[in-house]
Amino acid sequence: GNSVTQMEGPVTLSEEAFLTINCTYTATGYPSLFWYVQYPGEGLQLLLKATKADDKGSNKGFEATYRKETTSFHLEKGSVQVSDSAVYFCALKEGGGADGLTFGKGTHLIIQP
Amino acid sequence: DTGVSQDPRHKITKRGQNVTFRCDPISEHNRLYWYRQTLGQGPEFLTYFQNEAQLEKSRLLSDRFSAERPKGSFSTLEIQRTEQGDSAMYLCASSVTGGMNTEAFFGQGTRLTVV
């Protein structure tokens with residue numbers, strides 16, 4: 001079956017540091033890949049997505065590149081801010097079957113001023 | 001429209017009781033999804049609807065769980081004979097019908113505590 005593995009948190013960084021949150025996946029086909037973010041007290045929001053190999057998704061300074069050869073979709077940001085503190089979820093969606101998303105366990109990111 | 005709405009936000013129930021949660025999707029969205037999220041885990045897909053048709057229900061956790069979307073608008077998720085292991089956050093999401101990159105919009109969830 002499908003699965004998503006992402007680095008465990010919490011991840012604590014200082015403001016303006018470089019961020020990487022690793023995500024790897026297992027899928028039987030060619031999934032679309034997503035990063036969702038959950039800010040404190042809010043629902044899950046789509047941060048970025050990529051639908052095929054070598055696509056790069058980007059939003060709010062975050063980027064992730066769909067790497068089919070390494071089955072990865074690592075999230076990066078060059079300079080984090082305190083407001084980026086949240087829980088980040090990597091997810092995949094595979095067509096042809098159930099339409100739901102398969103999520104990783106989430107990574108809690110804490111940015112200190 | 002302010003997004004996906006779920007009610008109640010919190011529910012405490014005694015073991016063995018039945019509970020029902022409601023989800024109101026974004027009005028023009030014809031797909032509606034239910035997920036369960038336990039502490040420290042990502043959301044786990046349960047079921048989904050396209051309009052009033054339930055297209056996937058094999059992922060429902062047991063026969064105590066059922067969902068409906070009778071008129072293709074709001075949906076309900078019912079858990080019968082609740083158990084302590086059912087304590088979790090139940091999330092609803094909606095989307096337009098589309099391809100594999102269609103964005104799902106999530107509600108804030110209903111937190112269930114079974115005592």
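Scroll up to find the structure this text is about.
Residues numbered from 1 in each chain as written. Chains lettered and ligands numbered in written order. Predicted model: local features only at pLDDT ≥ 70, side-chain atom pairs only at ≥ 80, totals over all residues. Heavy atoms only, no water.

Q: I keep staring at the pattern of salt bridges and nothing clicks. Help me out?
A: Counting across every chain of the model gives 7 salt bridges over all chains. In this structure, K52 of chain A and D55 of chain A form a salt bridge, with 3.3 Å as the shortest nitrogen-oxygen distance. Between E63 of chain A and K56 of chain A there is a salt bridge; the shortest N-O distance is 3.6 Å. Salt bridges sharing common partners tie together R64, E83 and D86 of chain B. (Salt bridge = Lys/Arg side-chain N within 4 Å of Asp/Glu carboxyl O.)

Q: Explain the sheet that holds strand β8 (residues 75–79) of chain B to me, please; I cannot follow it from the model alone.
A: Strand pairing in a sheet is mediated by backbone hydrogen bonds. Such pairs are either parallel or antiparallel. Residue and element names in this part refer to chain B. If you walk across this open sheet you meet the 4 strands as β1-β3-β8-β7, and the pairing is antiparallel. Two strands lie at the open edges of the sheet, namely β1 (5–7) and β7 (65–68), each paired on one side alone. When the angles between neighbouring strand axes are averaged without regard to direction, this sheet yields 15°. Relative to strand β3 (residues 19–24), β1 runs antiparallel, the two being bridged by 3 bridges. Residue pairing across strands places Q6 opposite C23, the latter belonging to β3. (Pairing = 2+ DSSP bridges. Helix = DSSP H or I, 4+ residues; strand = E, 2+ residues; numbered from the N terminus. Axes fitted to C-alpha atoms, helices over the stretch in contact; angles between N-to-C directions.)

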